[in-house]
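# Observations on the three-dimensional arrangement
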Amino acid sequence: MANSAQKYSQALFSTVKDAGRLDEVKADFDEVVKAVRNTPEFLTFMNNPKVPRDSRREAVAKTFDSVSEPLRNMLLILSDRNRFSEIEAIHDHFIQNYNAHYKQENVVIESVYPLSEEEIEGIGKVFIKKTGLSKLLIENKVNEELIGGIRVFIGTKVYDGSLNTQLSDLKNRFRESTNS
């Protein structure tokens, strides 16, 4: 399933990149996914094998009539092939390609308390140097279980400077030294 999601995403990405419409389609795609998430009945309808193809097509055409043409065409293809359930996976792949194209990444910084803009900016600068990316799209989430320090999630990487991890490392080193 992820493989076909990747193919649909890549086809859409290539088409809109070549046409210079990446930002427009990304904004529309974000809204489409948000609407689908907020309306589970729509996905249930689209995934119902008893619903005729023409009815699914009509629902997509009416619901998403204002989105950019390349995206609407892909949504119609998904509808025709009964693959609308893959919309979020396709969106995820599209965002990965979009971020790679612009050399940016979504980042989550976990901390015990809400960080100030200055603290977020400072952490961002450190990780721009560390990753070589041009831009970080940073979100700060409070996680009181950390005790102290921060944990930073960039793509699939985790940079853990939390007090919990430091205490756990210390405990493991102590255990190793007493067992030697």
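Described below are features of the structure shown in this document. (Residues numbered from 1 in each chain as written. Predicted model: local features only at pLDDT ≥ 70, side-chain atom pairs only at ≥ 80, totals over all residues. Heavy atoms only, no water.)

Within the protein, the secondary structure is distributed over eight helices and four strands. Listing the helices and strands of the protein from first to last along the sequence gives α-α-α-α-α-α-β-α-β-β-β-α. What you see for the protein is a C-alpha radius of gyration of 22 Å, clearly larger than the 16 Å of a compact globule of 180 residues, by over 25%. Across its three principal directions, the C-alpha atoms of the protein cover 70 × 35 × 30 Å. Of the contacts made within the protein by residues no fewer than 6 positions apart, 66% connect residues no fewer than 24 positions apart. As displayed, the protein offers around 11100 Å² of accessible surface, 50% of which is attributable to carbon and sulfur atoms. Here the protein contributes 25 positive and 27 negative side-chain charges, whose respective centroids are spaced 6 Å apart. (Helix = DSSP H or I, 4+ residues; strand = E, 2+ residues; numbered from the N terminus. Rg over C-alpha atoms; globule rule 2.2 N^0.38 Å. Contact = heavy atoms within 4.5 Å. Areas by Shrake-Rupley, 256 points an atom, 1.4 Å probe, with all protein chains shown as cover. Lys, Arg positive; Asp, Glu negative; His and termini not counted. Charge placed at Lys NZ, Arg CZ, Asp CG, Glu CD.)

The subject of this paragraph is the pairing of strand E3 (residues 150-154). With five bridges connecting them, strand E1 (residues 104-111) and E3 associate as antiparallel partners. Within the sheet, the bridge partner assigned to Glu110 lies in E3 and is Arg151. Bridge count for E3 against strand E4 (residues 157-160) is four bridges, and the pairing is antiparallel. Paired with Val152 across the bridge in E4 is Tyr159. Where E3 folds back on E4, the antiparallel hairpin that results is connected by two residues, among which Gly155 adopts a positive phi of roughly 60°. (Pairing = 2+ DSSP bridges.)

Further remarks concern the layout of surface pockets. The space that makes up the largest pocket amounts to roughly 410 Å³. Listed by contribution, the elements that provide at least two residues to the lining of the largest pocket are helix H2 (22-38), helix H6 (87-101), E1 and E3. (1 Å grid on protein atoms, 1.4 Å probe; cavity = no way out; pocket = protein on both sides within 12 Å on 5 of 7 lines; lining within 4 Å. Points joined across faces, edges and corners; volume = space filled by probe spheres on them.)

Below, the discussion takes up the packing of helix H4 (residues 53-63) against helix H5 (residues 69-80). Close contact between H4 and H5 brings their axes to 9 Å; oriented N to C, the two are set at 155°. Accordingly, the angle class assigned to the pair H4 and H5 is roughly antiparallel. Here H4 runs over H5; the crossing is right-handed. On H5, the residues that touch Arg53, Arg56, Arg57, Val60 and Ala61 of H4 are Leu75, Leu76, Ser79 and Asp80. Here the residues of the contact of H4 with H5 are counted per class, giving four nonpolar, one polar and four charged. (Axes fitted to C-alpha atoms, helices over the stretch in contact; angles between N-to-C directions. Parallel < 35°, antiparallel > 145°, perpendicular 65-115°, else oblique. Left-handed = near helix turned anticlockwise from the far one by under 90°. Nonpolar A, V, L, I, M, F, W, Y, C, P; charged D, E, K, R; others polar.)

Here the focus is the packing of aromatic side chains. Aromatic rings in a pair are described by how distant their centres are and how their planes are angled relative to each other. For the coordinates displayed, the defined rule picks out six aromatic pairs. Ring-pair connections join several aromatic residues into one group, and the members of that group are Phe13, Phe29 and Phe94. Seen from the ring of Tyr98, Lys26 lies directly overhead, with NZ or CZ sitting 5.5 Å from the centre. (Phe/Tyr/Trp six-rings, centres within 6.5 Å; stacked < 30°, edge-to-face > 60°. Lys NZ or Arg CZ within 6 Å of the ring centre and 35° of its normal.)

What follows deals with the pattern of salt bridges. Per the stated rule, a full pass over the model turns up eleven salt bridges. Salt-bridge contacts for Lys26 lead to Asp30; the nearest nitrogen and oxygen are separated by 2.5 Å. Residue Lys26 and its partner Asp30 are both found in helix H2; the two are separated by four residues, about one turn of the helix. When its relative accessible area of 23% is taken as the criterion, Asp30 is described as partly exposed. Each of the salt bridges in this network shares a partner with another, and the network as a whole consists of Arg53, Arg57 and Asp80. (Salt bridge = Lys/Arg side-chain N within 4 Å of Asp/Glu carboxyl O. Buried < 20%, exposed > 50% of the residue type's maximum accessible area, 1.4 Å probe, protein only.)

By themselves, these observations are geometric and do not establish any function.
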